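Structure at a glance
Single-letter residue listing:
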Amino acid sequence: LEAFGAWRLCPVGRVYGERIAGWTADEATSHALLDHFVEAGGNFVDTANVYSAWVPGHFGGESETLIGRWVQSRRGGRDRLLIATKVGMDMPEIGQGLKPAQIERGVEDSLRRLRIERIDLLYAHRDDPDTALEDTLAAFDRLVRAGKVRAIAASNYTAERLEQALAISARNGLARYECLQPPYNLLEREPVEGSLAPLCRREGVGIAPYYSLAMGFLSGKYRRREDFQGRPRAMGLVKYDNARGWRVVETLHGVARRYGVPPASIAIAWVLAQPGITSAIASATSTAQLDELMRACNIKLDDQAVAELSGR
């Protein structure tokens, strides 16, 4: 990402939005994971203001608060990280959308929770068709000029809307979206491969996809339908429960055996091997899982492996 100058983004980003105190990992475990991640050379942490409002008793902001306490308690920790967060989803007292007032209030709240003075990468979490792109981008631009945001990005945008936004920024001299965050993995490849990646390569926009492990389906934990039982994400995994999904899992395990690494490492390595990908976002609840993800940074898949995994 050119906006980060000399910074080198670790190819595997950590997302803590789904790994917060009171759900799948407590605060001590989450802080230990952050410590381990940084010690291993990681520097890109992704979250959002709305994480984790879907958990009973939560209202959003829990993930940012957890990360903020880590930043405050680790001397020099802030200087070793690029922190990305998002605005635009429904939040108490703010509502949902990308109107200037919503963006500005969301950023002030995120800065407070994260206990930082500037957000490195601020995403529009989801497109807001009810607000003019010119108004949204002007609000982002004011935050960049004020030093509260380093660079801006888009999540869950279509190619058409992203292209429109880039053109408006260029025409009006506004900060532009420097990165895109779409879902992308071995099983969910459109619209990234069809329309988004070509646009991003042409415009010099980075791609940092989420769901790189297909909500954990490609982590190596699932070999048959019965493995879904007792898993918190079981309902979300049902969409992969088909002939194609299990065929990809078997191919993934075969390539992993050949390389002598866990399937999760191969799944991430495949994402990183695709043209235009800047970083792959994945989650872990233990240092062992985190190590599997980090191993992907050092795996160079040969053409045969890429072709097998891609179904070619």
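Throughout what follows, the structure given in this document is the object of discussion.

Thoughts on the packing of helix α1 (residues 27-39) against helix α2 (residues 62-73)
The N-to-C vectors of α1 and α2 enclose an angle of 60°; their axes lie 10 Å apart at closest approach. Our classification of the angle between α1 and α2 gives oblique. The handedness of the crossing between α1 and α2 comes out as right-handed. Here E27, S30, H31, L34, D35 and V38 of α1 lie close against α2, whose contacting residues are L66, R69 and W70. Split into classes, the residues belonging to the contact of α1 with α2 amount to four nonpolar, two polar and three charged.

Things to note about the pattern of salt bridges
Side-chain pairing between opposite charges can occur once the charged atoms of the two side chains come close. Overall, the coordinates contain 21 salt bridges when judged by the stated rule. The shortest N-O distance in the salt bridge between E64 and R113 comes to 2.8 Å. Of this pair, E64 sits in helix α2 while R113 sits in helix α3 (residues 100-114), and the two are 49 residues apart along the sequence. Here E64 matches R113 in class, with each residue buried. The partner of R161 in a salt bridge is D127, and the shortest N-O contact between them spans 2.6 Å. Here R161 is found in helix α5 (residues 159-172), whereas its partner D127 is found in the loop between β4 (119-124) and α4 (133-145), with 34 residues between them in sequence. The two residues R161 and D127 agree in class, both being buried. A cluster of three or more residues bridged by salt bridges with shared partners is formed by E93, R105, D109 and R112.

Analysis parameters
Residues numbered from 1 in each chain as written. Predicted model: local features only at pLDDT ≥ 70, side-chain atom pairs only at ≥ 80, totals over all residues. Heavy atoms only, no water. Axes fitted to C-alpha atoms, helices over the stretch in contact; angles between N-to-C directions. Helix = DSSP H or I, 4+ residues; strand = E, 2+ residues; numbered from the N terminus. Parallel < 35°, antiparallel > 145°, perpendicular 65-115°, else oblique. Left-handed = near helix turned anticlockwise from the far one by under 90°. Contact = heavy atoms within 4.5 Å. Nonpolar A, V, L, I, M, F, W, Y, C, P; charged D, E, K, R; others polar. Salt bridge = Lys/Arg side-chain N within 4 Å of Asp/Glu carboxyl O. Buried < 20%, exposed > 50% of the residue type's maximum accessible area, 1.4 Å probe, protein only.

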